[in-house]
Amino acid sequence: MTHSFRSALLVVAFVAAAVGACSPAPAPKSGTGGIVVADAWTMATPPGAAVAAGYMKIQNQAAAPARLVGGLSPVAQSVEVHNMTMDGGVMQMRPVDGGLEIPANGAVELKPGGLHLMLIGLQRPLAEGESVPITLTFDDGTRVDTVLAVRAMGGGHGH
Ligand SMILES: [Cu+2]
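So, here is what we can say about the structure in this document. (Residues numbered from 1 in each chain as written. Predicted model: local features only at pLDDT ≥ 70, side-chain atom pairs only at ≥ 80, totals over all residues. Heavy atoms only, no water.)

If you trace the backbone, T135 turns up in strand β9 (residues 131–138). Separated by 2.7 Å, the side chains of T135 and D145 make a polar contact. Setting aside its immediate chain neighbours within four residues, T135 contacts G70, G71, L72, R143, V144 and D145. (Helix = DSSP H or I, 4+ residues; strand = E, 2+ residues; numbered from the N terminus. Polar contact = N/O pair within 3.5 Å; in protein donor to acceptor, adjacent residues only side chain to side chain. Contact = heavy atoms within 4.5 Å.)

As structure tokens, this is what we get:
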């Protein structure tokens, strides 16, 4: 009981942080016709976990930049684009203001310790070996479906 209550509080804190950091300024339109996602994965979560992070390589083969603003997944209440930064020797993560630009004919890698997709309000634990569907949403309304492969918890050496 206490455990799930704490998880709920954590979600509230995340949402509050996201709202506070969110900019209402409209981002410029961008093309997403050439988005290719590779090596999408996440880590198995312990029971009661409120959040999980998704990692992947996002390639933009179009001649115009694309802007990733969030995502959708059946296992989470919401999906945000986050970045992890060192702030005075402390690791902090916050939503990426206005979305994440994938340059024209370029690529961005979401990986541990840096950019990631934050799955917030997990509906259930993620088990090693399963595939979690996730839809990336871009500022022009384009959606790109992919799946996160769930890797072993705390795996510094992936198998
Ligand atoms: Cu995060």
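What follows is about the coordination of the copper ion. Within the protein, the atoms that donate to the copper ion are H82 (ND1), M93 (SD), H116 (NE2) and M118 (SD), at distances of 2.1 to 2.2 Å. Each donor residue of the copper ion lies on the same chain, and together they follow the pattern H-x10-M-x22-H-x1-M. (Donors = N, O, S within 2.8 Å, 3.2 Å for Na, K, Ca; no water.)

What follows covers the pairing of strand β1 (residues 35–43). Relative to strand β2 (residues 51–60), β1 runs antiparallel, the two sharing six bridges. Across the sheet, residue V36 finds its bridge partner in β2, namely Q59. With three bridges connecting them, β1 and strand β10 (residues 143–151) associate as parallel partners. Across the sheet, W41 pairs through a bridge with A149, a residue of β10. (Pairing = 2+ DSSP bridges.)

Two faces, one strand: in a regular strand the side chains alternate between the faces of the sheet. Where burial is concerned, most of strand β3 (residues 66–72) is hidden: five out of the seven residues are buried. Bridge count for β3 against strand β6 (residues 100–102) is three bridges, and the pairing is antiparallel. Within the sheet, the bridge partner assigned to R67 lies in β6 and is E101. Of the pairings in the sheet, the one linking β3 to β9 comprises four bridges and is antiparallel in character. (Buried < 20%, exposed > 50% of the residue type's maximum accessible area, 1.4 Å probe, protein only.)

Before going further, it helps to examine the pattern of salt bridges. All told, the structure shown has three salt bridges when counted by the stated rule. For the salt bridge of D39 with K57, the shortest nitrogen-to-oxygen distance reads 2.9 Å. Separated by 18 residues along the polypeptide, D39 in strand β1 and K57 in strand β2 bring together distant segments of the chain. Note that R67 and E101 form a salt bridge whose closest N and O atoms lie 3.0 Å from each other. With R67 in strand β3 and E101 in strand β6, the pair connects residues that are 34 residues apart, well separated along the chain. Since its relative accessible area comes to 38%, E101 is described here as partly exposed. (Salt bridge = Lys/Arg side-chain N within 4 Å of Asp/Glu carboxyl O.)

Here D39, not a glycine, exhibits a phi torsion of approximately 55 degrees, which is positive. The backbone of N105 shows a phi angle near 55 degrees, a positive value even though the residue is not glycine. Looking at where N105 falls in the secondary structure, it is placed in the loop between β6 and β7 (106–110). Judged by its relative accessible area of 59%, N105 falls in the exposed class.

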